[in-house]
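As a plain string of letters, each chain reads:
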Amino acid sequence: MSAGLAGAGPAAAQNWEKCVEAIAKTQHELSRVLPKPAQPQTQQQSVAAQDSHDPTPGSLAAAGLQAPVSGPEGALNEAQNLQAAGDEAGCMRAVAKARSLAGLK
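Computed from a predicted structure; not experimentally measured. (Residues numbered from 1 in each chain as written. Predicted model: local features only at pLDDT ≥ 70, side-chain atom pairs only at ≥ 80, totals over all residues. Heavy atoms only, no water.)

1. Some thoughts on the state of the cysteines
Under the defined criterion, the tally for this structure stands at one disulfide. For Cys 19, the disulfide goes to Cys 91, at an S-S distance of 1.7 Å. Negative torsions about the S-S bond denote left-handed disulfides, and the value of about -70° found for Cys 19 with Cys 91 makes this one left-handed. Taken together, the residues span a long stretch of sequence, with Cys 19 in helix α2 (residues 10–33) and Cys 91 in helix α6 (residues 88–102) at a distance of 72 residues. One exposure class covers both Cys 19 and Cys 91, and it is buried. (Disulfide = S-S within 2.5 Å. Helix = DSSP H or I, 4+ residues; strand = E, 2+ residues; numbered from the N terminus. Buried < 20%, exposed > 50% of the residue type's maximum accessible area, 1.4 Å probe, protein only.)

2. Re the side chain of Arg 99
Assignment of secondary structure puts Arg 99 in helix α6. By relative accessible area, Arg 99 is classed as buried at 12%. Looking at Arg 99, its side chain comes within polar contact range of the side chain of Glu 29, at 2.8 Å. Contact partners of Arg 99, with chain neighbours within four places excluded, come to Lys 25, Thr 26, Glu 29, Leu 104 and Lys 105. (Polar contact = N/O pair within 3.5 Å; in protein donor to acceptor, adjacent residues only side chain to side chain. Contact = heavy atoms within 4.5 Å.)

3. Section: the nonpolar core
Within the largest apolar cluster, 12 residues are counted, these being Cys 19, Ala 22, Ile 23, Leu 30, Ala 75, Leu 76, Ala 79, Cys 91, Ala 94, Val 95, Ala 98 and Leu 104. Here Ala 75 is in contact with Ala 94, Lys 97, Ala 98 and Leu 101, once residues within four sequence places are set aside. (Core = buried A, V, L, I, M, F, W, Y, C linked by side-chain atoms within 4.5 Å.)

4. Considerations on helix α5 (residues 71–84)
For α5, which comprises 14 residues, the first-to-last C-alpha distance of 20 Å matches the rise-based estimate of 20 Å (1.5 Å per residue) to within 8%. Among the residues of α5, Pro 72, Gly 74, Ala 75, Leu 76, Ala 79 and Gln 83 are the ones counted as buried. Trailing α5 by a residue or two, Gly 86 shows a phi angle of about 90°, which is positive. (Expected span 1.5 Å × (residues − 1).)

5. Let's talk about α6
Here α6 contains 15 residues, and its C-alpha end-to-end distance of 21 Å stays within 8% of the 21 Å for a straight helix at 1.5 Å per residue. For α6, the full list of buried residues reads Glu 88, Gly 90, Cys 91, Ala 94, Val 95, Ala 98 and Arg 99. Once α6 finishes, Gly 103 follows within two positions and takes phi at roughly 75°, a positive value.

6. Some words on the pattern of salt bridges
Evaluated as defined, the whole model comprises one salt bridge. Glu 29 is paired through a salt bridge with Arg 99; the nearest N and O atoms lie 2.8 Å apart. Here Arg 99 lies in helix α6 and Glu 29 lies in helix α2, a separation of 70 residues in the sequence. You'll find Glu 29 and Arg 99 in the same group, each marked buried. (Salt bridge = Lys/Arg side-chain N within 4 Å of Asp/Glu carboxyl O.)

In structure tokens:
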């Protein structure tokens, strides 16, 4: 448990666990109902590329990948960001939005 949650008391810990569990449940259900994204062909990677930096949005786009910005995946991504920032109410709203967009109950 992190120091921030330890001082916040049991209620904050319960909310945190509730949101994390809601995200995990929604991710599992989305993986069953949404089509699998197309994966780009693998290519050789240089040692310099491996040892260098994290991928940029431009390099991800060149590889045919992008971060989810809309739809249920985008809302779930927002929920994860809100949960990480400690906004549990916002996290639960974003999870509800993701479930609604995907047609989940």
